[in-house]
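# Structural features, examined
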Amino acid sequence: MTIRVRLALIYVGAIALTIGLVGALVWWQLGSALRASLDQTLQTRAAAVATGLENDGQSGLQEGDTSGAPGVFVAIFDAQGRLLDATADVPPAVAPLPVGVTTADVNLGSSSYAIREVSAQGGVRVVAGSSLSGIHGTLDELAALLLLVGGIASAASLAGGWLLAGRTLRPVALMTAEARQMGATDIERRLPVPPRRDELQELATTLNDMLDRVGQALHRQRRFVASASHDLRTPIAALQVELELAGDGRTSETQLRAALRAAHADAVRIGQLANDLLDLAAADTDGRALVRSPVRTDVLLESVARRVEPLASEHHTRLKRMAPARVIRVDRVRLEQAITNLMINAITYGPQGSEVEVVARIDPMADPAPDATATILSIEVLDRGPGVPVDFASRLFEPFQRGPNAAGQGNGLGLATAAAAIRAHHGTVGFEPRTGGGTRFWLQLPA
C-alpha cells in the first residue's frame, strides 16, 4: 500500500471518526432532551389530575381532565389496583406500576410507553403515560440523516485526501523519478529540491549532500586507482625491459649485472608499494577488525622511537618524547603505524640537525557514553620543517598525494595510512603551523 493511499485512508478515517463521535453526541443529547421533556410532561399531567382529585373530592376524571397534552393518556386506579377512570386513548393493558416505582418504560402490546405514577388521597394512584414511538421515530430519522451526511462527508474527504496526498507527495515522486535515471556515470546529477521550506526540502537537501559525499568518494577512488596504476606501471615497464635485456644473449656480463641490479631495485619498489597499499587497506575502518589491548603510553612511544631511530640518525635529527606512564587500550599495531608515519614525515622534511618532538597526553572525556572509554589520548608530533603549502593542505591525508617539496622515494601513502588508522579508532587527526616555523601534527582518539 502506497503512502498516498495510507494518507488518504487516514484522512477519511479521521473525518469519519469525528463525524461519528459528533453525530453520536448530538443523537444522544437530542434523545435525552426529548425524554426529559416527555418525563416532565407526564409528571405535570399526573400531578395535575391528582391535585384535582384531592381538591374536588371526586374519584374519577373531571371534564377538564379528559383533554391534556397530545398523545398523553391518564388512568386512575384505586388502592387495590382496579381501574376507576381513564382517558379515551389509554392502552387496554395499562396497569399501575409496582409498589415503590414511580417511573418506568413498559411494553403494552407491540408498543413501548413511558409511564409516570403519582399517588393521591385514599391510596388512589394516577398513572400518566405516552407512547415512545414518536421519540424513537425522531431519533431514527436523525440517525439516518447523520449517516447520509457522514457518508457524503467521508466520500468527499476521501477524494480530497487523495488529491491532497498526491499534491504533498509530488516532490517525492519527482525525486524518485530522477533517482531512477541516475547511473554510475551521473555522479554530478542531483535530486530536485522543492521550493517550500519543509521536511521534503530538508530531505532532498540531505540526499543531495549525501550524493556529494558519494561523488567525492568516487572521485577519490578513481584518483586512487589512477595513481596506483601509474606508480605500478613505471617500475613494471622498467622491470620488463631489464629482464628482456638480461635474457638477450648479446648482453655482456657487466650489462647483465647492471640489468639485474636495476630489476632488483624495481622489484623492491613494487614490493614496497604493495606493502603500503596493504597497510592502508588494513588501517582503514573497513579493514581488519580493531584489536584493542592494554599498553603503557610511554612504552608505546619508546617502541615508535626505536623504529625511526635509524632514519633520525641519518638526518642527524634529535628525538624528544614525553608521555605519562598510563595504561591505555588501543590497537597497538595500527596506532604505532600511525605515529611512526607521522614521525617519519617529520624527520624526512625537517632540516638537518633539527629536533622532532612527540608528546602524549591523556585527558578525561567530557560526556562519555555508558559503554565507552572515559579518557581521550592526545598525541602531538612537532617538527621544524618547511610546513604544509596552503594549496596542498586539503589533500594532505589523501592516498598518493605528495607535496611540491616531496623528499625520499615514498608513494604518498604514509599520512593516508596514519589517518585511516586514527579513523578506525573513531578518532581525529589534523595539523597546524607552529610559531617560529614547522608543523604541529595532532591526533585524538578514545583510549
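Residues numbered from 1 in each chain as written. Predicted model: local features only at pLDDT ≥ 70, side-chain atom pairs only at ≥ 80, totals over all residues. Heavy atoms only, no water.

## Description of the pattern of salt bridges
On inspection of all chains with the given rule, the structure shows 11 salt bridges. Among the ionic pairs, Asp105 bridges to Arg35, the shortest N-O distance being 2.4 Å. Here Asp105, found in strand β3 (residues 103-108), pairs with Arg35, found in helix α1 (residues 3-56); they are 70 residues apart in sequence, far enough to count as distant. The class for Asp105 is partly exposed, based on a relative accessible area of 45%. Its salt-bridge partner being Arg332, residue Glu336 comes within 2.7 Å of it at the nearest N-O pair. With Glu336 and Arg332 both in helix α6 (residues 332-349) and 4 residues apart, the pair spans about one turn of that helix. Each of Arg35, Asp39 and Asp105 takes part in salt bridges that share partners, so that together they form one network. (Salt bridge = Lys/Arg side-chain N within 4 Å of Asp/Glu carboxyl O. Helix = DSSP H or I, 4+ residues; strand = E, 2+ residues; numbered from the N terminus. Buried < 20%, exposed > 50% of the residue type's maximum accessible area, 1.4 Å probe, protein only.)

## Some details on the packing of α6 against helix α7 (residues 414-424)
At their nearest, the axes of α6 and α7 sit 8 Å apart, and the two run at 145° to each other. α7 is crossed by α6, and the crossing has left-handed handedness. Every residue of α7 that contacts α6 at Arg334, Leu335, Gln337, Ala338, Asn341, Leu342 and Asn345 is listed here: Gly414, Leu415, Thr417, Ala418, Ala421, Ile422 and Ala424. Grouping the constituent residues of the contact of α6 with α7 by class yields 8 nonpolar, 5 polar and 1 charged. (Axes fitted to C-alpha atoms, helices over the stretch in contact; angles between N-to-C directions. Left-handed = near helix turned anticlockwise from the far one by under 90°. Contact = heavy atoms within 4.5 Å. Nonpolar A, V, L, I, M, F, W, Y, C, P; charged D, E, K, R; others polar.)

## Concerning the sheet that holds strand β1 (residues 72-77)
Here we have 5 strands laid out as an open sheet, ordered β2-β1-β5-β4-β3, and antiparallel in their pairing. On the outer flanks of this sheet lie β2 (83-86) and β3, each paired with one strand and no other. Taken over all neighbouring pairs, the strand axes of this sheet differ in orientation by 30° on average, direction set aside. (Pairing = 2+ DSSP bridges.)

## Remarks on helix α5 (residues 297-314)
For α5, with 18 residues, the first-to-last C-alpha span of 26 Å sits near the 26 Å given by 1.5 Å per residue. The axis of α5 is deflected most strongly, by about 50°, at Val308, and proline Pro310 appears within four residues downstream. Listed as buried for α5 are Thr297, Leu300, Leu301, Ser303, Val304, Ala305, Val308 and Ala312. Its buried side turned inward, α5 meets β6 (293-296), β7 (318-322), β8 (327-330), α6, β9 (355-364) and β10 (375-382). (Expected span 1.5 Å × (residues − 1). Bend = angle between axes of the 7 residues up to and from the residue.)

## Section: the sheet that holds strand β11 (residues 428-433)
The strand order across the open sheet formed by 5 strands is β7-β9-β10-β12-β11, and the pairing between neighbours is mixed. The open sheet has two edge strands, β7 and β11, and neither has a second partner. Across the sheet, the axes of successive neighbouring strands diverge by a mean angle of 15°, strand direction being ignored. Pairing geometry for β11 and strand β12 (residues 439-446), over 6 bridges, is antiparallel. Bridging from a neighbouring strand, Phe431 pairs with Phe441 of β12. Of the strands in this sheet, β7, β9, β10 and β12 are in contact with α6, which crosses β12 at around 175°.

## Observations regarding the confidence of the model for the chain
Per-chain confidence: the chain averages 81 in pLDDT, with 81% of residues scoring 70 or above. Of all helices and strands in the chain, the one with the weakest mean pLDDT is helix α4 (residues 253-283) (67), whereas β7 scores best (93). (pLDDT = per-residue confidence, 0-100.)

## Remarks on the side chain of Thr439
Within the fold, Thr439 resides in strand β12. Apart from the residues lying within four places of it in its own chain, the contact partners of Thr439 are Val381, Leu382, Asp383, Gly387, Val388, Phe431, Glu432, Pro433 and Arg434.

## Re a nonpolar patch on the surface
A cluster of nonpolar side chains, contributed by Leu145, Leu148, Val149 and Ile152, occupies part of the molecular surface with about 380 Å² of accessible area. By the element assignment, Leu148 lies in helix α2 (residues 133-181). (Patch = residues over 30% accessible without salt bridge, like charges linked within 9 Å, V, L, I, M, F, W, Y side chains within 5 Å. Areas by Shrake-Rupley, 256 points an atom, 1.4 Å probe, with all protein chains shown as cover.)

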